[in-house]
Amino acid sequence: MARKWWQDKVVYQIYPRSFQDSNGDGIGDLPGIISRLDYLADLGVDALWLSPVCQSPQDDNGYDISDYQNIDPMFGTLDDMEQLIAEAKKRNIKIIMDLVLNHSSDEHRWFQEAKKSKDNPYHDYYVWRDGEEGVLPNDMKASFGGSAWEWVPELGQYYFHQFSVKQPDLNWENPKVRREIYDMILWWMDKGVGGFRLDVIDQIAKEPDKKITTNGPKLHEFLRELSKETFQKADLITVGETWGADPERAKRYSNPDGSEFSMVFQFEHVMLDQEEGKEKWDLSPLPFVELKKNFAKWQKELHGSGWNSLFWNNHDLPRIVSRWGNDKEYRVESAKMLATILHGMQGTPYIYQGEELGMTNVRFPDITHYRDIETLHMYEERLEAGYKKEDIMKSIYAKSRDNARTPMQWNDSTNAGFTTGTPWIEVNPNYTEINAENETKDPDSIYNYYKKLIKLRKANEIFTEGEFHLLLEEDSQIFAYTRTTETETMCVIANFTATPAPCRLIEKWNKTEKLIHNYNTENTDGILRPYEAIIYIDR
Ligand code: NOJ
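Residues numbered from 1 in each chain as written. Predicted model: local features only at pLDDT ≥ 70, side-chain atom pairs only at ≥ 80, totals over all residues. Heavy atoms only, no water.

Explanation requested: the side chain of His 161 in the structure shown.
Here His 161 shows up in the loop between β8 (157–160) and α5 (175–190). In this structure the side chain of His 161 is engaged in a polar contact, spanning 3.2 Å, whose partner is the backbone oxygen of Ser 147. When neighbours within four sequence positions are excluded, His 161 is seen to be in contact with Ala 142, Ser 147, Ala 148, Trp 149, Glu 150, Gln 167, Pro 168 and Asp 169. (Helix = DSSP H or I, 4+ residues; strand = E, 2+ residues; numbered from the N terminus. Polar contact = N/O pair within 3.5 Å; in protein donor to acceptor, adjacent residues only side chain to side chain. Contact = heavy atoms within 4.5 Å.)

Okay, structure coming up:
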């Protein structure tokens, strides 16, 4: 497979409202991001994926867009965006925008027009069904609670929304909608945007009458057209968010012929502790052996016929060091171990803001401190259903999206240096210890470990090209694998637990070159210390 220019790149995700505030309103903004570009350049990342910054009533923190061709004033202006693109370019960093194309905001001009009358030219931009008040077209549920159908009395019709009532689904069957979308994307491409992340893109080809949301029959037809009309004109880096992807589908999304996207986010490794028919809030143990086998499956399936995204975190997921690591005694060791395992694999690594510092989940005392629409809806729903408050809070501590959304921890001054005002969501109180200022100075920090991993990827082709092979498959503590090319073999070994783990691979591999190690002293006895991780290479 011919190598693509973006395959050895590393992407950093910014959640703009929580990254850096520049004007004291408590909300992160574009000038704030510009002021932190040197930090990001020093880390060594090649592209920044920005969660949505377009104009939005912020019902779902920007994933409800009311004008795709404007910046929300809370984040700045179009000029600021242009300046960000230019300043990032000077540092060899591309800007990846978040495209929310499955739905718009109900405050978008298209929807405002659409609900005026059935013959309005914009009416068919959305998905409507005739009906009677109180008699829903079917029992489909919306992701953030309640029915997926909302009644509009003036029209005698329901509109369809897979997310909140303020996020009406766009009608991709309508060629005019598709053309508007392509023109908007081309307009951003003209401004020098280097790529796009596509929000819930596997849900655009919905067929609500058949209760189909994800992977609708026309999905790939729509995606190929979208890609051809836009991204392919400039060989951009694109990544689709696809919760419904299996390897076969992922091979189509990330086909090396470039007919759809560069790569996809698939979520199987994230959902391993969610039992069939249960919700993410219903906690069950994390299955370690399954995690290894799952990664191995994806590595093997996409090698040579697709491309993986590698991620532990994003703005919707809990912090990885609190999930698979140990955010207390072994926070530093386990954060580095998790990075080692992920960055050693084939694919494009994504680092979510603060992950490079080992930022942790937050435990606010009660629901009044939480801001996320999904968390708030779930809290109400479960209270009504009779759940105990303390059990609901337990689920929130483990899974709430706000775990990822507390402000970036820059230093130990008030509000972690994020804002001089009142932050829109409180800072995690551990910022006095965990912050960028401490970590950039400390050669042994998680930050400097990430920096080294990124450099290694750039310096050693085997990270991009090597074929993956899982070792010690059934071992209940150790995650180990090799990556091989015709001339080299790399071996990644990690203890995923706080208990020492004897490992027969160490003796053999200790004779070869070590690329990175999260402990400062050699492993001489073949017993992996808590969360110990090493990458070796045999050249
Ligand atoms: C996925 C996004 O990542 C999430 O934050 C958002 O709520 C939904 N899509 C709806 O746009």
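There is more to say, and it comes next.
Mind showing me how you'd approach the nonpolar core here?
Soluble, globular proteins show a tendency: their nonpolar side chains are buried together. In this structure, Tyr 12, Met 81 and Phe 196 are the most contacted members of the largest nonpolar core, which totals 150 residues. The residues contacting Met 81, other than those within four sequence positions of it, are Leu 30, Leu 50, Val 53, Ile 71, Ile 95, Met 97 and Trp 188. Residues Leu 471, Ile 478, Cys 503 and Trp 509 belong to the second largest nonpolar core, which totals 14 residues. (Core = buried A, V, L, I, M, F, W, Y, C linked by side-chain atoms within 4.5 Å. Buried < 20%, exposed > 50% of the residue type's maximum accessible area, 1.4 Å probe, protein only.)

Looking at this structure, I do not really get the site of the ligand. What am I missing?
Close to the ligand lie 13 residues, the nearest being Asp 60, Asp 199, His 315, Asp 316 and Arg 401. In the environment of the ligand, an oxygen atom lies 2.7 Å from a nitrogen or oxygen atom belonging to the side chain of Asp 199. In this structure, Arg 401 approaches the ligand through a side-chain N or O atom, which is 3.0 Å from an oxygen atom. Tallied by class, residues from the shell around the ligand come to four nonpolar, two polar and seven charged. (Near = heavy atom within 4 Å. Nonpolar A, V, L, I, M, F, W, Y, C, P; charged D, E, K, R; others polar.)

Can you help me understand the environment of Met 184 in this one?
On the secondary structure map, Met 184 appears in helix α5. Through-space distance from the C-alpha of Met 184 to that of Tyr 68 is 7.2 Å; in sequence the pair is 116 residues apart. Not counting chain neighbours up to four residues away, the residues in contact with Met 184 comprise Tyr 68, Gln 69, Leu 99 and Leu 101.

Would you mind going over the pairing of strand β5 (residues 94–99) with me for this structure?
Residues in a regular strand project their side chains so that they alternate between the two faces of the sheet. Taken across its six residues, β5 has five buried, putting it largely inside the fold. Note: strand β2 (residues 47–50) against β5, four bridges, orientation parallel. Considered in β5, the bridge of Trp 49 is made with Ile 96. (Pairing = 2+ DSSP bridges.)

I tried to follow unusual backbone geometry on my own but got confused; where do I start?
For residues besides glycine, phi is generally negative; the peptide bonds are generally trans as well. The phi angle at Gln 58 is positive, at roughly 65 degrees, despite the residue not being glycine. As for its position among the elements, Gln 58 is in the loop between β3 (54–55) and β4 (67–71). Judged by relative accessible area, which is 12%, Gln 58 ranks as buried. Even without a glycine there, the phi angle at Tyr 531 is positive, about 55 degrees. Position of Tyr 531 relative to the elements: it lies in the loop between β19 (527–528) and β20 (533–538).

How should the UniProt feature "domain: Glycosyl hydrolase family 13 catalytic" (unreviewed entry) in the protein chain be read in this particular structure?
Here the UniProt-annotated "domain: Glycosyl hydrolase family 13 catalytic" (unreviewed entry) positions come out as residues 13–405. Secondary structure across residues 13–405 divides into 32% helix and 12% strand, with the first and last C-alpha atoms of the span separated by 12 Å. (UniProt positions renumbered as here; feature names shortened; annotations may be inferred.)

Help me understand the sheet that holds β8, please; the structure alone is not making it clear to me.
One key point about sheets: their strands pair by backbone hydrogen bonds, in either a parallel or an antiparallel sense. On the basis of which strands lie adjacent, the open sheet formed by three strands has the order β6-β8-β7 and antiparallel pairing. Lying at the two open borders of the sheet, with one neighbouring strand each, are β6 (128–130) and β7 (149–152). On average, each strand axis in the sheet is inclined to that of its neighbour by 30 degrees, with strand direction left out of account. In the sheet, β7 pairs with β8 via four bridges, with the strands oriented antiparallel. Of the residues in β8, the one forming a bridge with Glu 150 is Tyr 159. (Axes fitted to C-alpha atoms, helices over the stretch in contact; angles between N-to-C directions.)

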